[in-house]
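Breakdown of the fold
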Amino acid sequence: MRLLSLAFAAMISFPAWSANSINFSWSVNAGPLNPHQTNPNQMYAQAMVYEPLVRYARGGKVTPWLAEKWQISADGKQYTFFLREDVRFSNGEQFDAAAVKANFDQVLANIKKHSWLGLIKQLDRIEVVDQFVVRLHMKNAYYPTLQELTLVRPVRFMAPSAMPDEGHTGNGIKQPVGTGPWMRQESVLGQKDVFVRNPYYWGEKPAFEQVNVPVIPDPNARALAFESGTINLIYGFEGQISPDTFNRFRHDPRFSTDLSEPLSTRVLAMNTNQSPTRELAVRQAINHAVNREAIAQGIFYGTEEAAPSLFARNVPYADLDLPAYDYSLQKAAELLESAGWKVLKGDQYRQKNGQALNVELVYYGHDANQKAIAEVIQANLKQVGINIALAAEERSRFYKRQKNGEFDIIFNNTWGAPYDPHAFVSGMRTPSHADYEAQLGLKQKSDIDHWITQVLKSQDDSERQTLYSSILTTLHEQAVYLPVTYLRVPGVAKKELGPLKMGATVFDIPFESFKPE
Amino acid sequence: MLAFIVRRLMLLVPMLLGVSMVIFFVLRLSGADPAMSYLRSANIPPTDQAIAQAEKDLGLDKPLPEQYVVWLTDVVQLDFGVSYMTRRPVLDEILYYLPATLQLASLALLLTLGISIPLGMWAARQRDKWPDFTVRGLAFLGVSIPNFWLGFMLVLLFSVQLQWLPPMGYGDLEYMILPAFAIAFMSLCINARLLRTSMLEAQGQRYVLYARMRGVSERRVENAHVLRNGLIPVVTAAGMHIGELIGGSLVVESIFGWPGVGRYAISAISNNDYPIIQCFTLLMTVIFVVCNLIIDILYAWLDPRVRLGSEASA
């Protein structure tokens, strides 16, 4: 058999990638790589080619990148950035204040598309102070300006010569030319994208010459491609690799695996505006009755950790001592009893004044993890007499139900670094997310909205901490959310890539930091 | 015969009109919201303003009948619109991906016929002996195994364990063998079983008995009478298999990273990318109808009773 296998292998030869390359994969092509646009541009690839003024580091710290330093005026309305002078685009063009302004102007020319982002909404104009100094003038003070400048889009920088001659980048670009460590060499629709090193890169050159990204839509096919050596890196959020496969690879000595620090929270929102989750006791009882540890271990093999609160402690301003809703069926039962929800003789579920304790839990039907979590919650709550009806929805209908408040309980993950906590709480004020609808029944809703508005314009760090503490403590005490686990981004690499490095946000894949052993 | 072909092709026009109407309105009755899908894929919060803008961008802000008329007017001029997700012309993309699917489906058809005919003949000749039981068992397995599962098993064995063939990707024959076999397996099993049955049926016919009585050699009886007549239902089934093979490629292409129109359609379905789904459905209708027409022509050529019968009644 072995002989036959060798003979067969010798007969055919399937093209392997170059030895000095990172072979990653993604579910679709990288897109046209327009730095100012969303779909079909893929964020991992935009982040390879384009760079921000400032960068998001672990724990929410903002660090210098294309800007060496910055100053913020006392009223918080002017941000002055001092740019690095040694930066060139991948076509050799100089990166300077004029290039920064040209990019911001392109984004502002298409402001309708980007106005959901606080930074763009508050941006008034850009001023070129000198060749390497640029100033952002804001309409109002907005403290997350720096955090939102770290985003992968829409304010990263392309060479002005690659911008369209007429119109704006919203309608397309001539070619993707950025300052990042990589540039795209080839893109074959439906098959692959190939990135090579940017010869003009100002920072440390990546150790690997090339990043090949074949298109593989299916996570199981991706795992098989990894095992057979077609690719040597799997990295990224849900959809890239299943928890079962990651767990299997973790115990395989041929591979190195790692997990990022917690980058977002798997959480369910409970509707305070419709019964029976309208009652605080019911929401608190649900929080006590769900066994988060069992979910973290049983469904995620410990790759995610049980979440006692809405944000993990490494999220900026979220390092608070909030009393956890510990897993206790007894406490849950007591809360329900004292609120008048009783089990009548012979019944499995509780009722009050003839109304049964029925709660509908909505999840996205194609998400195997959500389904598994929903089933555990259903089983847990049955033990305390709460009847959970599961409702699987198609993707757009799921988000529609979030937006319109058509749920008792619904999955509603936080947005992840660098959006947490500021953009996530900012979204609580507008009727576009489950959060707004879920909180509508709270008598503190107007206070919460007021604190959020205040915190976003506050220039004083301790004041911001106080405001965030009020927001997060109120939401926690009112048990509006059912946090389940903190999500970590998994990565798996073949040993040839050297030690695995994990990025600081959900969207950055640090290809340039891989070094062969 | 020519009149028959022209009549059948003419029928395609009302059929496509009907299909276009059904697919257009059924998609919109499903309750899915492409504007929401678009915003979520782009990581844009779905505020009322953002949804209104997205609906305007995607042409979903007009009344349904108007949307249909606009779309149909464009379709008649072969403009199938722009994909919601990729923002590229749908027809260009589908025509870009279609050859890869046809390539895969052709090899799958070749495998189906190339393997099922000898298997069916073998089973029929060895009736109630072990080859027959093997083929019947295989047919049972074939209809029970989902093609995507078989695809994964083939990759595990031939790519991960033995490392004979690449697990995925687009390329020459070596890349096509596993996906084509995964797609073809069910059809070839059904075909083998069908041929066995119809050959056994033919063996009991009087013309076979008479041929033997005339002293015709056993080889000639088998080939000219039993096999040729036994093949007729197989040809009919092949028409349906072409549909099955192209349909099978929908899922299998995703597993093998094959850049075909099936994988493209699957992602369009999960993104509620209506222009792609509509164009894909119309294209598949044309392919099915044309394939069945070819089969009917072939059938008439193969079976003089059909050909002469239709000529006599004409």
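Bear in mind that the values here come from a model prediction, so they are computed numbers and not experimental data.

Calculation rules
- Residue positions are given per chain, counting from 1 as you read along its sequence in written order.
- For this description, chains carry letters from A and ligands carry numbers from 1, given in the order in which they are written.
- The predicted origin of the model limits local features to residues at a pLDDT of at least 70 and limits the giving and counting of side-chain atom pairs to 80 or more, whereas totals for whole chains, interfaces and linings rest on all residues.
- Note that water and hydrogens are dropped before the side-chain values are worked out from all heavy atoms of the structure.
- Residues grouped as a nonpolar core are buried Ala, Val, Leu, Ile, Met, Phe, Trp, Tyr and Cys residues, joined through side-chain atoms within 4.5 Å.
- Exposure categories follow from relative accessible area, calculated using a 1.4 Å probe and restricted to protein chains: below 20% of the type maximum is buried, above 50% is exposed, and the middle band is partly exposed.
- Helix numbering and strand numbering both begin at the N terminus, where a helix is a DSSP run of H or I of at least 4 residues and a strand a DSSP run of E of at least 2.
- Contacts between residues were defined by any pair of non-hydrogen atoms, one from each residue, lying within 4.5 Å.
- We define buried area as the total accessible area lost by two parts upon association, computed with a 1.4 Å probe and summed across both.
- One side-chain nitrogen of Lys or Arg within 4 Å of one carboxyl oxygen of Asp or Glu is enough to make a salt bridge.
- Fitting a line to C-alpha atoms yields each axis, with helices limited to the stretch in contact; the angle taken between N-to-C directions then spans 0 to 180 degrees.
- By definition in this entry, angles of less than 35 degrees are roughly parallel, angles greater than 145 are roughly antiparallel, angles of 65 to 115 are roughly perpendicular, and the rest are oblique.
- Here a crossing is taken to be left-handed if its near helix is turned anticlockwise relative to the far helix by less than a right angle, and right-handed if that turn runs clockwise.
- Residues are grouped as follows: Ala, Val, Leu, Ile, Met, Phe, Trp, Tyr, Cys and Pro are nonpolar; Asp, Glu, Lys and Arg are charged; all remaining types, including Gly, are polar.
- Pairing of aromatic side chains here covers Phe, Tyr and the six-membered ring of Trp, requires ring centres within 6.5 Å, and sorts the geometry by plane angle: under 30 degrees stacked, over 60 edge-to-face, intermediate tilted.
- Positive charges come from Lys and Arg, negative ones from Asp and Glu, while His and the chain ends are left out of the count.
- We call two N or O atoms a polar contact when they sit within 3.5 Å, provided that within protein one can donate a hydrogen and the other can accept it, with sequence-adjacent residues counted only if both atoms are side-chain atoms.
- Points on a 1 Å grid, built from protein atoms alone, make a cavity when a 1.4 Å probe fits but cannot get out and make a pocket when they are open with protein on both sides within 12 Å along at least 5 of 7 lines; residues with an atom within 4 Å of a point are the lining residues.
- Grid points are joined across faces, edges and corners, and a volume is the space filled by probe spheres set on the points.
- An automatic or database domain assignment supplies the start and end points of every domain.
- Note on pairing: two strands pair once DSSP finds at least 2 bridges between them.
- UniProt positions are given in the numbering used here, feature names are shortened, and annotations may be inferred rather than shown by experiment.
- The score called pLDDT rates the predictor's confidence residue by residue, from a low of 0 to a high of 100.

Our next topic: the nonpolar core. Within the largest apolar cluster, 179 residues are counted, with the highest numbers of intra-cluster contacts made by Tyr44, Phe81 and Phe195 of chain A. For this core, the leading source of residues is helix α12 (residues 274–302) of chain B, giving 10 residues. When near neighbours in sequence (up to four residues on either side) are disregarded, Phe81 of chain A contacts Leu53, Val54, Ala67, Lys69, Trp70, Phe132, Val133, Val134, Leu136, Leu146 and Leu149 of chain A. Among the nonpolar cores identified, the runner-up in size contains 47 residues, and Ala221 of chain A together with Leu104, Ala108 and Val135 of chain B belong to it.

Moving on to the interface of chain A and chain B. At the interface, 44 residues of chain A touch 48 residues of chain B. Between chain A and chain B, the buried area comes to about 4,100 Å², and carbon and sulfur atoms account for 61% of it. Our count for the chain A to chain B interface comes out at 2 salt bridges. Here Lys403 of chain A and Asp48 of chain B are joined by a salt bridge, their closest N and O atoms 2.5 Å apart. Listing elements by their share of the side of chain A that touches chain B, those giving two or more residues are α1 (2–11), α4 (111–114), α7 (219–227) and α13 (395–404) of chain A. Among the elements that make up the side of chain A that touches chain B, the one with the highest residue count is α13 of chain A (6 residues).

Looking at the secondary structure, you find Ser41 of chain B in helix α2 (residues 34–41). Since its relative accessible area comes to 22%, Ser41 of chain B is described here as partly exposed. Excluding its chain neighbours within four sequence positions, the residues that come into contact with Ser41 of chain B are Asn39, Arg153 and Arg395 of chain A together with Met85 and Asn271 of chain B.

Now for the packing of helix α5 (residues 90–125) of chain B against α12 of chain B. Residues and elements named next belong to chain B. Where α5 meets α12, the closest approach of the two axes is 10 Å, and the angle between their N-to-C directions is 50 degrees. By the angle class used here, α5 and α12 are oblique. Relative to α12, the crossing made by α5 is right-handed. For the pair formed by α5 and α12, the contact residues are Val90, Leu91, Ile94 and Leu98 on the first element and Pro275, Ile276, Cys279, Phe280, Leu283 and Ile287 on the second. Of the residues in the contact of α5 with α12, the class split is 10 nonpolar, no polar and no charged.

Let us now look at the packing of aromatic side chains. All names here are of chain A. A complete count under the given rule lists 33 aromatic pairs over all chains for this structure. Geometrically, the ring pair formed by Tyr143 and Tyr317 is edge-to-face, given 6.1 Å between the ring centres and 85 degrees between the ring planes. Placement of the pair is Tyr143 in the loop between β7 (133–138) and α6 (145–149) and Tyr317 in the loop between β14 (305–306) and α11 (329–338), with a sequence separation of 174 residues. The class for Tyr317 is buried, based on a relative accessible area of 16%. One aromatic cluster is present, built from ring pairs that chain together Phe311, Trp415, Tyr419, Phe424 and Phe507.

Right, let's get into the environment of Asp296 of chain B. All names here are of chain B. Following the sequence through the fold, Asp296 ends up in helix α12. Asp296 gets classed as partly exposed once you look at its relative accessible area, which sits at 30%. In sequence terms Asp296 and Thr236 are 60 residues apart; their C-alpha atoms lie 7.7 Å from each other. Setting aside residues no more than four positions away along its own chain, Asp296 makes contact with Phe4 and Arg8.

Looking now at the side chain of Asp408 of chain A. Residues and elements named next belong to chain A. Relative to the assigned elements, Asp408 resides in the loop between α13 and β20 (409–411). Buried and without a salt bridge, Asp408 has Arg401 as its closest oppositely charged side chain, separated by 7.4 Å. A polar contact of 2.7 Å, which involves the side chain of Asp408, links it to the side chain of Gln274. Setting aside chain neighbours within four positions, we find Asp408 in contact with Ala269, Met270, Asn271, Gln274, Ser275, Thr277, Asn358, Val359 and Glu360.

Here the focus is empty space enclosed by the protein. A probe as big as a water molecule, rolled over the atoms, marks out the empty space that is left. All names here are of chain A. In total, this model carries 4 cavities of 30 Å³ or more according to the counting rule given. Counted as a void, the largest cavity has a volume near 90 Å³. Along the wall of the largest cavity there are 14 residues; nearest its centre are Thr38, His114, Trp116, Arg153 and Pro154. Among the residues making up the lining of the largest cavity, the classes are represented as 8 nonpolar, 4 polar and 2 charged. As a volume, the second largest cavity reaches approximately 80 Å³. Around the second largest cavity sit 13 residues that line it, and Tyr56, Pro262, Asn314, Val315 and Ala417 are the ones nearest its centre. Looking at which domains feed residues into the lining of the second largest cavity, each of domain 2 (52–171) and domain 3 (264–487) gives three or more.

Moving on: the sheet that holds strand β13 (residues 264–270) of chain A. All names here are of chain A. Here we have 6 strands laid out as an open sheet, ordered β14-β21-β13-β20-β18-β19, and mixed in their pairing. Lying at the two open borders of the sheet, with one neighbouring strand each, are β14 and β19 (387–393). By the bridge criterion, 2 bridges tie β14 to strand β21 (residues 481–487) in an arrangement that is antiparallel. Within β21, the position partnered with Glu305 by the bridge is Tyr486. Where helix α12 (residues 368–382) meets the sheet, it contacts β13, β18 (358–364), β19, β20 and β21, and its direction lies at approximately 165 degrees from that of β18.

Moving on, we come to the UniProt feature "transmembrane region" (unreviewed entry) in chain B. All names here are of chain B. Taking the numbering used here, the UniProt-annotated feature "transmembrane region" (unreviewed entry) corresponds to residues 9–29, 94–117, 138–164, 176–195 and 280–302. Annotated as residues 9–29, this span is 100% helix and 0% strand, and its ends, taken at the C-alpha atoms, are 30 Å apart. Secondary structure over residues 280–302 splits into 100% helix and 0% strand, and the C-alpha atoms at its two ends are 32 Å apart.

This paragraph deals with the confidence of the model for chain B. Residues and elements named next belong to chain B. The pLDDT averaged across chain B works out to 86; a share of 97% of its residues lies at or above 70. For chain B, the element scoring lowest by mean pLDDT is helix α13 (residues 304–313), at 61; helix α4 (residues 64–76) scores highest, at 92. At the level of chain-chain contacts, confidence expressed as ipTM amounts to 0.81, with global pTM at 0.87.

Our next topic: the confidence of the model for chain A. Of the residues in chain A, 96% have a pLDDT of 70 or more, and the chain-wide mean is 92. Counted against residues more than four places away or in other chains, residues 1–15 of chain A, with its pLDDT under 50, gives 18 contacts.

When the parts come together, some accessible area is lost, and that loss is often what is quoted as the size of the interface. Residue and element names in this part refer to chain A. In terms of domain boundaries, chain A breaks down into domain 1 (2–27 + 181–260 + 489–513), domain 2 (52–171) and domain 3 (264–487). For domain 1 and domain 2, the distance between their C-alpha centroids amounts to 31 Å. With 11 residues of domain 1 at the contact, the number on the domain 2 side is 16 residues. For the domain 1 and domain 2 pair, buried surface summed over both sides reaches about 1,100 Å², with 60% attributable to carbon and sulfur atoms. Looking at the side of domain 1 facing domain 2, the largest losses of area belong to Tyr200, Trp202 and Ala504, adding up to 57% of the total buried there.

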